[in-house]
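Below are the chains, spelled out letter by letter.
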Amino acid sequence: MPDWIPETWALLLPGTALWALAVYLPLSAPLSRLEEALAAGPLDESSQLLALVVSSLLLALGAGALINLALGWALGPGWGTSLGLVAALYGLFWGLAASRNNNDD
């Protein structure tokens, strides 16, 4: 078996979680069409919010798993998780820097 295929799927969970964290906001922002469709539907406001949050989490987890698998295949099994950590911290630091710039204005 090639070395980029994990022996157990549990080895993919840390990298997938890190990539899901890294891509959560960029992927959940364009869900405005789903939000509009939910607003036009029969659900109450709390159910609409729950459906929107669950769908954005599932989208981020799916994208995180695909990114982690692709990077694990292309670069090696440990690199997908390492780059996921870098991407998550990168987003955190840029978010903190942007909030600091907004407070200075």
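Conventions used here
Residues numbered from 1 in each chain as written. Predicted model: local features only at pLDDT ≥ 70, side-chain atom pairs only at ≥ 80, totals over all residues. Heavy atoms only, no water. Helix = DSSP H or I, 4+ residues; strand = E, 2+ residues; numbered from the N terminus. Buried < 20%, exposed > 50% of the residue type's maximum accessible area, 1.4 Å probe, protein only. Areas by Shrake-Rupley, 256 points an atom, 1.4 Å probe, with all protein chains shown as cover. Axes fitted to C-alpha atoms, helices over the stretch in contact; angles between N-to-C directions. Parallel < 35°, antiparallel > 145°, perpendicular 65-115°, else oblique. Left-handed = near helix turned anticlockwise from the far one by under 90°. Contact = heavy atoms within 4.5 Å. Nonpolar A, V, L, I, M, F, W, Y, C, P; charged D, E, K, R; others polar. Patch = residues over 30% accessible without salt bridge, like charges linked within 9 Å, V, L, I, M, F, W, Y side chains within 5 Å. Salt bridge = Lys/Arg side-chain N within 4 Å of Asp/Glu carboxyl O. Expected span 1.5 Å × (residues − 1).

Each helix and strand in the protein chain was counted, giving 4 helices and 0 strands. Counting only residues that meet the buried cut, the protein chain has 22% of its 105 residues in that class. When the accessible surface of the protein chain is summed, it comes to about 7,600 Å², and 70% of that surface belongs to carbon and sulfur atoms.

A few words now on the environment of Glu35. Positionally, Glu35 belongs in helix α2 (residues 32-40). The exposure class of Glu35 is partly exposed, given its relative accessible area of 46%.

Across the interface, helix α1 (residues 13-28) lies against helix α3 (residues 45-75) with an axial gap of 7 Å and an inter-helix angle of 125°. On the basis of the axis angle, α1 is oblique to α3. Relative to α3, the crossing made by α1 is right-handed. From α1, Gly15, Thr16, Trp19, Ala20, Val23, Tyr24, Leu27 and Ser28 reach across to α3, where they touch Ser56, Leu57, Leu59, Ala60, Leu61, Ala63, Gly64, Ala65, Ile67, Asn68 and Leu71. Among the residues forming the contact of α1 with α3, the class breakdown is 13 nonpolar, 6 polar and no charged.

A few words on a nonpolar patch on the surface. Together, Leu85, Leu89, Leu92, Phe93 and Leu96 make up an exposed nonpolar region whose accessible area comes to about 470 Å². Along the chain, Leu92 falls in helix α4 (residues 77-104).

Following the sequence through the fold, Gly62 ends up in helix α3. As for Gly62 and Thr16, which are separated by 46 residues in sequence, their C-alpha atoms are 8.4 Å apart.

Here we come to the environment of Leu27. Inspection of the secondary structure puts Leu27 in helix α1. Spatially, the C-alpha atoms of Leu27 and Leu59 are 7.3 Å apart, while their sequence positions differ by 32 residues. Not counting chain neighbours up to four residues away, the residues in contact with Leu27 comprise Leu59, Ala60 and Ala63.

Between its first and last C-alpha atoms α3 spans 44 Å; for 31 residues at 1.5 Å apiece the expected length is 45 Å, and the two agree. Buried within α3 are the following residues: Gln48, Leu52, Ser56, Ala60, Ala63, Gly64, Asn68, Leu71 and Gly72. Just downstream of α3, Gly76 is the residue with a positive phi angle, here 125°.

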